[in-house]
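Summary of the model geometry
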Amino acid sequence: MTTWSNRRVGAVRPSHLMFTAGVGSLVDLPNFSVLVRGLDAWSYSGITDYDIDEPRLRAAVNRSLQRYGRGQIEQLRAAPWLEGADTDPRGWAAQGVGVPAAPFPQWLRCTACNVLAAIDSDEFTFLNANPRAPHEAKFVHDCKRGKPPLAVAARFTLVCTAGHLDEFPYTPYVHHGQACGKIPRPKLRMKDHGGNQAANVTIECVACGAKRNIREAMGERGRRHLPHCRGRHPHLGTYAPNGCDQNSVLMVAGASNQWFPLTLSALALPKGQGGDIDKLLDDHWPELEKVEDRSELAFMARLPQFGFLKEFDADAVFAAVAARKQGTEGPAPSAPDVQADLFRPEWDALSGPVPPPSDDFALRPVPVPAPLGELFSDVRQVERLREARALIGFTRLDAPDPESPEIATRVDLSRGTQNWVPASEVRGEGIFLRVRDDLMAQWAARMEKSPQMEAHREAYGRFRTNRKSDRMTSDFDPFHGWPGARYIALHTLSHLLIRTIALECGYSSASLAERIYAGDEQNPRTGILIYTSVPDSEGTLGGLVSLAEEREFDRIVRRALADAGHCSADPLCSERLPHDPGDYLHGAACHVCLFVSETTCERANRFLDRRFLVPLSGDKEQILTPVGLLP
């Protein structure tokens, strides 16, 4: 990571640029914080190996950006990096190469004399003398008190729901919106009085003596003391021409709701499982989009310039062309629809005939333990997989929500049209499980109209209604996107297995991820993929794959079901079921028994209920698990 002066100030993993420290976010360094700048400032000069080739994900990004009226992208790019930059920080490979960042907030406070001033006020000096220790970069204040003391960021910022971020207006605030009566740019001091109730910080003007506590700007009552949002996007260096109509909210710079990523991910699939055809369409779309009939495709394949078409099944190519044209010309798809389109070919690859192994995908069936044959029809070791992830935007204050995407405003990653988005890839391993189709179909039919499932469905409607944005003018369906009974059962089973793996086998649950293949009423599926999703060696050592062996897997499933039967929060947990006016999206589930980390769960710990897998109230009619497997 570099700053505005091309000095290296720290390092982040590529995956952090997707989920934690992406464009527009604040990154805490040891001595100050920086803001990751927009894509317009990223430089790939001298770098050649940055393209992440995953056509399915690229197509999904374009479908998603269609919702926001953005142009189409052509590339998924890894973060700029050159080999040798870490070992020789003074060499050519390290000069200016990295993710650009700028100090933010740009108001600093001296830790010795409490002087508060902006970086461009000449009060502070930037020091970074050791290029091999970028973490030592810091600002100091020469206040004539021996060794220049450290200057730290003044942690208050202004944020709005439209995604804008701005500096806190310290000088106008302390003077109640007026200018200082003594000098135009007065020196300020910031005194922190401590306490455990809330921020207790006094801003004082040295010139005129005016004082004001930051508490007056906090909470609902404090918002009227704040100016209207100026519409600033500091990562892009832009302001809205006419300001912003949203109210500003006071926020501490390190708050977790200051930045939420919008991401998409896809697994690399073997040849013949959708990956090659998607790439064919990406590479030759200007010619193929004119195809209106299968006979035209057959005629093109006989021409020398289209000889590559002979390698593909004509029916499959024509179907893919028609589907893409419908997606391009039709209404913009919702975020859940885009992700569902990514899952369909993955399900086909994981559950269908085993393809020849490749560097990106290797699958091996293993026997299902005899007692577990009542629950699972197939268990497969995913010995190798590659997951590509792309960042397509971010939000502030309001987290992006697959159930209610209208509640959050997406912020662009660049000022103008950009033909690429940042991406990363991780390699790992996993276990694919397929629940018996007949068992799931019988259970879903039995539970769809049950009081317990109806309570979940009604809570989902209340959840979406309560979060409906006032900015929505189109028809609103409170039950749009309801995942259904299949998803709740599969999702609950996935969490039980992840927690058991983490407890018994030494894996951190945060190093695992899940993909639930539940489909819909027209295309029902019954699969779970649990896989490693971290970029270090823990994801590729074979530890997770070995757990799918017959003896190990039988023990893990039985322990997971046994643990699901009790929770230290019972009976409160076991009796929990969402009823009006409650709008939470889980039943018998909590941090003790089912919840996992946010990076592990694909639905933010929603749609979970133990009562559908083990009998919590003695009623075995509502459970999916065969009675013979219950402890």
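Below: a short report on this structure. These figures come from a predicted structure and were not determined experimentally.

Here we look at the sheet that holds strand 17 (residues 249-252)
One open sheet holds the three strands; their spatial order is 11-10-17, and the pairing between them is antiparallel. The open sheet has two edge strands, strand 11 (165-167) and strand 17, and neither has a second partner. Within the sheet, the average angular offset between the axes of one strand and its neighbour, ignoring direction, is 40°. When strand 10 (residues 156-159) meets strand 11, the two strands line up antiparallel, connected through three bridges.

A few points about the packing of helix 9 (residues 437-447) against helix 11 (residues 484-505)
Two numbers describe how helix 9 lies on helix 11: the axes approach to 9 Å, and their chain directions differ by 120°. By the angle between their axes, helix 9 is oblique relative to helix 11. Relative to helix 11, helix 9 is oriented so that their crossing is right-handed. For the pair helix 9 and helix 11, contact is made by Met440, Ala441, Trp443 and Ala444 and by Ala485, Arg486, Ala489 and Leu490, respectively. Grouping the constituent residues of the contact of helix 9 with helix 11 by class yields seven nonpolar, no polar and one charged.

A look at the pattern of salt bridges
Within this structure, the stated rule accounts for 27 salt bridges. Between Asp609 and Arg611 there is a salt bridge, with its nearest N and O atoms 2.8 Å apart. Like Arg611, Asp609 is buried. Taken together, the salt bridges that share partners define one network made up of Glu54, Asp360, Arg386, Glu425 and Arg427.

Quick word on the pairing of strand 23 (residues 524-532)
When a strand is regular, its side chains alternate between the sheet's two faces. With eight of nine residues buried, strand 23 lies mostly within the body of the structure. When strand 21 (residues 420-435) meets strand 23, the two strands line up antiparallel, connected through five bridges. Residue pairing for strand 23: Gly430 is matched across the bridge by Tyr531. Hairpin connection, strand 22 (residues 512-519) to strand 23: the antiparallel pair is bridged by four residues.

Notes on the packing of helix 11 against helix 12 (residues 550-564)
Their axes nearest at 9 Å, the elements helix 11 and helix 12 cross at an angle of 110°. With respect to helix 12, the element helix 11 is oriented roughly perpendicular. Seen from above, helix 11 lies across helix 12 with right-handed handedness. In contact with Leu496, Leu497, Thr500, Ile501, Leu503, Glu504 and Cys505 of helix 11, helix 12 contributes Arg555, Ile556, Val557, Arg559, Ala560, Asp563 and Ala564. For the contact of helix 11 with helix 12, a count of residues per class yields nine nonpolar, one polar and four charged.

A closer look at the nonpolar core
One finds Phe376, Val379, Val435, Trp443, Met453 and Leu497 to be the most contacted residues of the largest nonpolar core, which totals 61 residues. At the level of elements, strand 20 (376-395), strand 21, helix 9, helix 10 (451-466), helix 11, strand 22, strand 23 and helix 12 are the ones that each hand at least two residues to this core. It is helix 11 that contributes the most residues to this core, 10 residues altogether. Ignoring sequence-local partners within four residues, the contact set of Val379 consists of Pro365, Val366, Val368, Ile431, Phe432, Leu433, Ala548 and Phe553. Counting 34 residues, the second-largest nonpolar core is a separate cluster that includes Val9, Tyr44, Leu108 and Leu391.

Here we look at helix 10
For helix 10, which comprises 16 residues, the first-to-last C-alpha distance of 22 Å matches the rise-based estimate of 22 Å (1.5 Å per residue) to within 8%. Among the residues making up helix 10, those that are buried are Gln452, Met453, Ala455, His456, Ala459, Tyr460, Gly461, Arg462, Phe463 and Arg464. The elements touched by buried residues of helix 10 are helix 9 and helix 11.

What counts, and where the lines are drawn
- The residue count restarts for each chain, going from 1 along the sequence in the order it is written.
- Note on the predicted model: pLDDT of at least 70 is required for a residue's local features to be given, and 80 or more for side-chain atom pairs to be given and counted; whole-chain, interface and lining totals, by contrast, use all residues.
- Excluded from the side-chain calculations are hydrogens and water; all other atoms, namely the structure's heavy atoms, are used.
- A pair of strands counts as paired when DSSP detects no fewer than two bridges linking them.
- The helix count covers DSSP runs of H or I at least four residues long, the strand count covers runs of E at least two residues long, and both are numbered beginning at the N terminus.
- To get an axis, fit a line to the C-alpha atoms, keeping to the stretch in contact for a helix; angles then go from 0 to 180 degrees between the N-to-C directions.
- Under this scheme an angle from 65 to 115 degrees is roughly perpendicular, one under 35 degrees roughly parallel, and one over 145 degrees roughly antiparallel; angles in between are oblique.
- Each crossing gets its handedness from the near helix: less than a right angle anticlockwise from the far helix is left-handed, clockwise is right-handed.
- Every residue pair with non-hydrogen atoms within 4.5 Å of one another is taken to be in contact.
- Residues are grouped as follows: Ala, Val, Leu, Ile, Met, Phe, Trp, Tyr, Cys and Pro are nonpolar; Asp, Glu, Lys and Arg are charged; every other residue, Gly included, is polar.
- What makes a salt bridge here is a side-chain nitrogen of Lys or Arg within 4 Å of a carboxyl oxygen of Asp or Glu, nothing more.
- Burial status follows relative accessibility: with a 1.4 Å probe on protein chains alone, a residue under 20% of its type maximum counts as buried, one over 50% as exposed, and anything between as partly exposed.
- Throughout this description, the term nonpolar core refers to a set of buried Ala, Val, Leu, Ile, Met, Phe, Trp, Tyr and Cys residues connected via side-chain atoms within 4.5 Å.
- Expected span of a helix, by definition, is 1.5 Å for each gap between consecutive residues, and there is one gap fewer than residues.

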